[in-house]
Amino acid sequence: MTATWVFVPLFLSTGCRVAYVFHAALGQAELIHGSRPVSEVLDQGLFSSEKEDRIRLIQEIRRYGEDVLGLKRTNNYESVYIRGQRPPIFVLSAAPRNRFEAKTWWFPIVGRVPYLGLFDAGKALAAQERLEQQGLDTCLRPAAAYSTLGWFSDPITPNLLAEAPSGLAEIILHELTHATLYVRGQGAFNEGLAMLVGLEGAEGFCRGRFGEDHPETAAASHAILDQRLFGDFMARWVGELESLYARNADPEQDVLVERQRIFEAMITEFRELKPRFKTSRFAHFGQRPLNNACLLGAALYHRYYRCFDDLYHRLNRDIPTFLSHCRSLSENLGKEPLMERICRFTEDSNLYIPVPGQLGQQGF
């Protein structure tokens, strides 16, 4: 499946597990203390010329995000981690086997989040084992990047310097979106919003930076097409699983047999869809056994993409306007689920719908 981005909660209170927060804080501290300012890194020639070009490109992407897309100005990516490979970050999620409902963890500031970010493989595996002993489905996967929502200065890490320009732009703009607009306790909103801004922003950046016909611009455009295809696929099957769990009054074992049938049907359909994908971002889907936790993790990022995409196009593909509308829609929620409000708004809205193929004004 596509790379994962994660917010790593680092705030201590009586509502948090002290061991986890201490572990996450140590991981963040290692990143901060192992980093040096971009200017110093470039002056001292600590990286190859190719990686130095990537560091400079990240600065261009940051400025594009701030000046053109209206993303928040932060100190993120003004430093570079220089101690070899960064500490690994693993994302752990869990869910009941007979309900499509993510286990969540509560943290101050950000509210409930449907995953944990861990910096150590051993600790991640131990935490996964504890959850499985509780009878939960689990999913443990690496994160390509993470955000602390501007509370710390997130550095450039070596794995980012290996990314192609279009993928790099997507990751950086995705993370800067989290620092710009993050609604506590609304994981699907936060990740879906950042997914769209990252993808569409990357296409706009590449079009302006490299030109309309450049391979990186084509790669960014193809990533958007693949995201739409996978998002629709995920939304349809998540709905199927929710219906199963809602209507099934049989013993749990019968539910598990029926959900396995759905999992197998999902994989069969995905194999039929695979030739239509233009990139490899979802190539690994279905290569390991499916379960509720892994599908909920995927749904968090992809299920509601069509709602965000529809809203974005109704707003003439203008990201600053899109962010402003999403901010307005996220306010004064009451008990109404935020994603229901977003999706209903796009269905009911009489906003301008652009001519198919019309480009926004976000290039340089």
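Residues numbered from 1 in each chain as written. Predicted model: local features only at pLDDT ≥ 70, side-chain atom pairs only at ≥ 80, totals over all residues. Heavy atoms only, no water.

A. Here's a closer look at the overall build of the chain. Scanning the chain from N- to C-terminus turns up 13 helices and nine strands. Residues classed as buried in the chain amount to 55% of the 364 residues present. Taking as baseline every contact in the chain between residues at least 6 positions apart, the subset at least 24 positions apart corresponds to 77%. When the accessible surface of the chain is totalled, it reaches about 16,200 Å², and 50% of it is carbon and sulfur. (Helix = DSSP H or I, 4+ residues; strand = E, 2+ residues; numbered from the N terminus. Buried < 20%, exposed > 50% of the residue type's maximum accessible area, 1.4 Å probe, protein only. Contact = heavy atoms within 4.5 Å. Areas by Shrake-Rupley, 256 points an atom, 1.4 Å probe, with all protein chains shown as cover.)

B. Highlighting helix 3 (residues 49-67). For helix 3, built from 19 residues, the straight-helix expectation of 27 Å at 1.5 Å per residue is met to within 8% by its first-to-last C-alpha distance of 27 Å. For helix 3, every residue scored as buried is listed here: Glu52, Arg54, Ile55, Leu57, Ile58, Gln59, Ile61, Arg62, Tyr64, Gly65 and Glu66. Tucked into the core, helix 3 has its buried residues touching helix 2 (38-44), strand 3 (79-81), helix 5 (158-161), helix 6 (165-180) and helix 7 (187-210). (Expected span 1.5 Å × (residues − 1).)

C. How the structure looks around the sheet that holds strand 4 (residues 90-96). An order of 7-4-8 is seen for the three strands of this open sheet, with the pairing classed as antiparallel. Here the strands that pair on one side only, and so sit at the sheet edges, are strand 7 (116-118) and strand 8 (136-142). Strand-to-strand twist across the sheet, computed as the mean angle between neighbouring axes with direction ignored, equals 25°. Judged from the seven bridges that link them, strand 4 and strand 8 form a sheet pairing that is antiparallel. Residue pairing in the sheet places Ala94 in a bridge with Thr138 of strand 8. (Pairing = 2+ DSSP bridges. Axes fitted to C-alpha atoms, helices over the stretch in contact; angles between N-to-C directions.)

D. Structural detail: the pattern of salt bridges. Applying the stated criterion across every chain yields a total of 21 salt bridges. Notably, a salt bridge pairs Glu269 with Arg236, separated by 2.0 Å at the nearest N-O pair. One end of the pair, Glu269, is in helix 9 (residues 252-273); the other, Arg236, is in helix 8 (residues 215-247), and 33 residues separate them in sequence. Given a relative accessible area of 18%, Glu269 falls into the buried group. Taking the relative accessible area as the measure of exposure, Arg236 reaches 44% and is therefore partly exposed. (Salt bridge = Lys/Arg side-chain N within 4 Å of Asp/Glu carboxyl O.)

E. Layout of the packing of aromatic side chains. Counted according to the given criterion, the structure contains 14 aromatic pairs. Judged by centre distance (6.4 Å) and plane angle (75°), the ring pair of Phe308 and Phe322 falls under edge-to-face. Linking Phe308 in helix 11 (residues 305-314) with Phe322 in helix 12 (residues 319-329), this pair joins segments that are 14 residues apart in sequence. Classification of Phe308 by relative accessible area gives buried; the value is 0%. When its relative accessible area of 0% is taken as the criterion, Phe322 is described as buried. Judged by centre distance (5.8 Å) and plane angle (80°), the rings of Tyr312 and Phe322 are edge-to-face. Placement of the pair is Tyr312 in helix 11 and Phe322 in helix 12, with a sequence separation of ten residues. (Phe/Tyr/Trp six-rings, centres within 6.5 Å; stacked < 30°, edge-to-face > 60°.)

F. Here's a closer look at empty space enclosed by the protein. If you walk through the whole model with that rule in mind, you get three cavities of 30 Å³ or more. Taken together, Arg112, Val113, Pro114, Tyr115, Tyr182, Gln186, Gly187, Asn190 and Glu191 make up the full set of residues lining the second largest cavity. Those elements giving two or more residues to the lining of the second largest cavity turn out to be strand 6 (111-113) and helix 7. The element that contributes the greatest number of residues to the lining of the second largest cavity is helix 7, accounting for three residues. In the lining of the second largest cavity, the residues fall into four nonpolar, three polar and two charged. (1 Å grid on protein atoms, 1.4 Å probe; cavity = no way out; pocket = protein on both sides within 12 Å on 5 of 7 lines; lining within 4 Å. Points joined across faces, edges and corners; volume = space filled by probe spheres on them. Nonpolar A, V, L, I, M, F, W, Y, C, P; charged D, E, K, R; others polar.)

G. Representation of the nonpolar core in the model. Counting residues in hydrophobic clusters, the biggest one holds 60 residues, and the most contacted among them are Ile55, Phe189, Phe308 and Phe322. Looking at which element gives the most residues to this core, the answer is helix 7, with ten residues. Once residues within four sequence positions are removed from consideration, Ile55 is found in contact with Val38, Val41, Leu42, Phe47, Val80, Ile156 and Leu161. Of all hydrophobic cores here, the second largest spans 29 residues; its members include Met234, Leu244, Phe263 and Phe277. (Core = buried A, V, L, I, M, F, W, Y, C linked by side-chain atoms within 4.5 Å.)

H. Region of interest: helix 11. Counted residue by residue, helix 11 has seven buried out of ten residues, so it is predominantly covered. Those residues of helix 11 that fall on the buried side of the exposure criterion are Tyr305, Cys307, Phe308, Asp309, Leu311, Tyr312 and Arg314. Of the residues trailing helix 11, Asn316 is marked for its positive phi of about 60°.

I. Layout of the packing of helix 7 against helix 12. Between helix 7 and helix 12, whose axes approach to 11 Å, the crossing angle comes to 175°. Relative to helix 12, the element helix 7 is oriented roughly antiparallel. Across the interface between the two elements, Phe189, Leu193, Leu196, Val197, Glu200 and Gly201 from helix 7 touch Ile319, Phe322, Leu323 and Cys326 from helix 12. Here the contact of helix 7 with helix 12 is composed, by residue class, of eight nonpolar, one polar and one charged. (Parallel < 35°, antiparallel > 145°, perpendicular 65-115°, else oblique.)

Take it as geometry only, folks, not as evidence of what the structure does.
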